[in-house]
Amino acid sequence: YFVPYRTFARAAGRKVSPREVFAAMWAAGAAQHYHYFVAGSADGEPLATLGMYGWGNRAVEVSSSLSPQAMADGLPAQDLLHWHLLLRAKELGYQVLDLAGVNPHPGGKDTGIRRFKEKWGGEEVSWPQLTRPGWRNWLSRGLSVAEQARRRWRDGRQGSNGRPA
């Protein structure tokens, strides 16, 4: 599971925790709470990964990735994995399945992510978040807000065909 997840996530430009982090969590007893899914092609090549972490009556989606080839071909591999994740969560008795959040002001790629998660029929819920005080959090939040504004400005300057208006 980890090798295709790391490969696909890095290809998408995401930072991935080292394998040792996953191994340490597993050794500490997390295996009973983690469930992993991999979709593969007919010839056995991995196309997508999806994980679930459950505790009590709740489960949350983790470690989602899609191969560059599956993305280019428009394969609905994540739909298949989410369906199996949903069935497994129900089988294990989880009452809440958290699809790991959405951007409240989506633009670009985030719009598609939000649409994907909305089609599963859930509801948006806000959770309190604990953060460490300090300049890094303020800088990170400021950069995030600036990036969202840039995307909204860029998306507003493009016509429906994706070309400059």
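A brief structural summary. Treat the numbers as computed from the prediction; the structure is a model and nothing was measured.

## Comments concerning the pattern of salt bridges
Moving on, step 1. Applying the stated rule across the entire model yields 4 salt bridges.
Moving on, step 2. The salt bridge partner of Arg-88 is Glu-91, with a shortest N-O separation of 2.4 Å. A residue pair is termed a helical-turn pair when its members lie 3 or 4 positions apart in one helix, as Arg-88 and Glu-91 do in helix H4 (residues 77–91) at 3 residues.
Moving on, step 3. Linking Glu-124 and Arg-114 is a salt bridge whose minimum nitrogen-to-oxygen distance equals 2.4 Å. Here Glu-124, found in the loop between helix H5 (109–118) and helix H6 (135–157), pairs with Arg-114, found in helix H5; they are 10 residues apart in sequence, far enough to count as distant.
Moving on, step 4. Here the salt bridges do not stand alone but share partners, grouping Arg-114, Glu-118 and Glu-124 into one network.

## Concerning unusual backbone geometry
Moving on, step 1. Notably, Ser-63 is not glycine yet its phi reads approximately 55 degrees, a positive angle.
Moving on, step 2. Here Ser-63 is to be found in strand S3 (residues 58–66).

## A short note on the side chain of His-33
Moving on, step 1. With respect to the helices, strands and loops of the structure, His-33 is situated in the loop between helix H2 (19–27) and strand S1 (34–40).
Moving on, step 2. Given the relative accessible area of 14%, His-33 is considered buried.
Moving on, step 3. When near neighbours in sequence (up to four residues on either side) are disregarded, His-33 contacts Met-52, Tyr-53, Gly-54 and Trp-55.

## Regarding the sheet that holds S3
Moving on, step 1. Strand order in the open sheet formed by 4 strands is S1-S2-S3-S4, and the pairing between neighbours is mixed. Whereas interior strands pair on both sides, the edge strands pair on one side only; in this sheet they are S1 and strand S4 (96–98). Mean inter-strand twist for the sheet, computed between neighbouring axes without regard to direction, equals 20 degrees.
Moving on, step 2. Pairing of S1 with strand S2 (residues 46–55), which is carried by 7 bridges, proceeds in the antiparallel orientation. The partner of His-35 across the bridge, within S2, is Met-52.
Moving on, step 3. Of the strands in this sheet, S2 and S3 are in contact with helix H1 (residues 2–11), which crosses S3 at around 65 degrees.

What counts as what
Residues numbered from 1 in each chain as written. Predicted model: local features only at pLDDT ≥ 70, side-chain atom pairs only at ≥ 80, totals over all residues. Heavy atoms only, no water. Salt bridge = Lys/Arg side-chain N within 4 Å of Asp/Glu carboxyl O. Helix = DSSP H or I, 4+ residues; strand = E, 2+ residues; numbered from the N terminus. Buried < 20%, exposed > 50% of the residue type's maximum accessible area, 1.4 Å probe, protein only. Contact = heavy atoms within 4.5 Å. Pairing = 2+ DSSP bridges. Axes fitted to C-alpha atoms, helices over the stretch in contact; angles between N-to-C directions.

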